[in-house]
Amino acid sequence: MIGTPSVVGDVMTRTVVALQRGAAFKDIVKAMRGRGVGALPVLDDDRHVMGVVSEADLLRKEELRDGASGEYTRELRSGDLTRAAAATAGELMNTPAVTVRADATLPQAARTMARHGVKRLPVVDAQGVLVGIVSRSDLLKVFLRDDEQIAEEIRRDVLPHLFAAEAEPVRVRVRDGVVTLTGRVTDTALVPVAVGWVRGVEGVVDVDCALAGPSRRPDLDPDFPDAEGSPSPPTAQAGTGP
């Protein structure tokens with residue numbers, strides 16, 4: 001990929017509400033409601049991420065509060081039953097925490113969220129210290145990029161590396177994040193490469209590629225149609241005749 005793609009550190013929220021292991025159940029609920037979030041990281045004294053407490057962990061207590069039947073409790077895993085009886089963040093949290101590095105790319109963060117079924121990830125440095133939080137909505141910010149900014153990056157950072165020697169420049173148009181490439185290129189083997197690089201540009205939603213190979217020259221191709229739309233007649237060769 002040409003250029004430097006955005007990384008998690010570019011879009012994450014740096015002001016983070018976090019919990020200590022001893023945080024009480026009601027304080028956790030207040031913190032989530034106050035910040036409008038569904039999960040909070042739990043830290044040790046050195047701000048290393050130890051685990052995450054989610055709304056689902058808190059709701060286990062509500063599920064069993066009215067005295068659930070024995071059959072229902074048997075369906076729950078032992079960890080769920082433990083959380084239902086928990087009173088502090090250290091007892092409630094899921095561990096080890098699913099985290100992401102600040103220098104991870106946005107696609108890497110998106111894949112981690114999808115793989116683990118979470119909506120937010122604590123962001124850590126190389127030592128595992130909390131430096132921010134990234135959410136699904138943060139990862140989508142890249143698609144708010146202006147169309148002309150996208151087009152200019154493609155013209156500047158992609159096309160010159162592939163089609164610099166073309167007699168006519170490849171034309172780029174971007175509308176609502178969809179890139180259209182038009183023109184003729186000498187080496188059509190580079191077209192799939194160009195499409196892949198363009199897809200990697202931040203903010204690109206899709207690529208409509210209409211790049212074609214070079215036009216054939218009539219003086220080099222005897223089967224090329226003439227101005228009347230018919231193949232040119234064969235040229236008489238010296239020494240041949242009736």
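Shown above is the structure to which this text applies.
The rules we used
- Residues numbered from 1 in each chain as written.
- Predicted model: local features only at pLDDT ≥ 70, side-chain atom pairs only at ≥ 80, totals over all residues.
- Heavy atoms only, no water.
- Patch = residues over 30% accessible without salt bridge, like charges linked within 9 Å, V, L, I, M, F, W, Y side chains within 5 Å.
- Areas by Shrake-Rupley, 256 points an atom, 1.4 Å probe, with all protein chains shown as cover.
- Salt bridge = Lys/Arg side-chain N within 4 Å of Asp/Glu carboxyl O.
- Helix = DSSP H or I, 4+ residues; strand = E, 2+ residues; numbered from the N terminus.
- Axes fitted to C-alpha atoms, helices over the stretch in contact; angles between N-to-C directions.
- Parallel < 35°, antiparallel > 145°, perpendicular 65-115°, else oblique.
- Left-handed = near helix turned anticlockwise from the far one by under 90°.
- Contact = heavy atoms within 4.5 Å.
- Buried < 20%, exposed > 50% of the residue type's maximum accessible area, 1.4 Å probe, protein only.
- Pairing = 2+ DSSP bridges.
- Arc of directions from axis to C-beta.
- Core = buried A, V, L, I, M, F, W, Y, C linked by side-chain atoms within 4.5 Å.

### Some remarks on a nonpolar patch on the surface
A cluster of nonpolar side chains, namely L140, F143, V178 and V205, defines an oily patch on the protein surface of about 350 Å² accessible area. Summarising the element assignment, F143 is placed in the loop between α8 (136–139) and α9 (147–163).

### A word on the packing of α9 against helix α10 (residues 191–199)
It is at 10 Å that the axes of α9 and α10 come closest, and there the two elements cross at 160°. Relative to α10, the element α9 lies roughly antiparallel. You can see that α9 and α10 cross each other, and the crossing is right-handed. Residues I154, V158, H161, L162 and F163 of α9 form the contact with α10, whose participating residues are V193, A194, W197 and V198.

### Quick look at the pairing of strand β7 (residues 171–175)
Two faces, one strand: in a regular strand the side chains alternate between the faces of the sheet. Covered by surrounding structure in β7 are V172 and V174 only, the residues R171, R173 and R175 on the alternate face being uncovered. Pairing of β7 with strand β8 (residues 178–184) involves five bridges; the strand directions are antiparallel. Bridge assignment links V172 to a residue of β8, and that residue is L181. Counting the residues in the hairpin turn of β7 and β8 gives two residues, including D176, whose phi is positive at 55°.

### Quick word on the pattern of salt bridges
The final tally for this structure, using the stated rule, is seven salt bridges. Three or more residues are tied together by salt bridges with common partners; here these are E148, E152 and R155.

### So, the sheet that holds strand β2 (residues 39–43)
The mixed open sheet is built from three strands, whose spatial order is β1-β2-β3. Of all the strands in the sheet, just β1 (19–20) and β3 (49–54) have a single pairing partner and so form its edges. In this structure, β1 lies alongside β2, joined through two bridges in parallel fashion. Counted as the bridge partner of L19 is V42 from β2. Most of the contacts of helix α2 (residues 25–35) go to β2, to which it runs at about 130°, and overall it touches β1, β2 and β3.

### As for the sheet that holds β7
Strand-to-strand pairing in sheets goes through backbone hydrogen bonds, with the strands running parallel or antiparallel. Taken in spatial order, the three strands make up an open sheet running β7-β8-β9, and their pairing is mixed. Both edges of this open sheet fall to β7 and β9 (206–212), since each of them pairs with a single strand only. Each adjacent strand pair in this sheet contributes to an overall mean axis angle of 10°, direction not counted. When β8 meets β9, the two strands line up parallel, connected through seven bridges. Of the residues in β9, the one forming a bridge with V179 is V207. Contacts from α9 reach β7, β8 and β9, with the element oriented near 150° to β7.

### A closer look at α10
Where α10 is concerned, the buried positions are V191, A194, V195 and V198. In a view along the axis of α10, the buried residues occupy a sector of 100°, so they form one face of it. Those residues of α10 hidden inside the fold are in contact with α9, β8 and β9.

### Some thoughts on α2
All of the buried residues in α2 are F25, I28, A31 and M32. One side of α2 holds all its buried residues, which, seen down the axis, span an arc of 125°. Set apart from the buried face of α2 by more than 90 degrees, the exposed residues are K26, K30, R33 and G34.

### Re the nonpolar core
I154, F163, V172, V179 and L181 are the most contacted members of the largest nonpolar core, which totals 21 residues. For this core, the secondary-structure elements that each account for two or more residues are α9, β7, β8, α10 and β9. For this core, the element with the most residues is α9, which contributes seven residues. When near neighbours in sequence (up to four residues on either side) are disregarded, L181 contacts V170, R171, V172, V198, V207, D208, C209, A210 and L211. By size, the runner-up hydrophobic cluster in this structure holds 15 residues, among which are M32, A89, L92 and M93.

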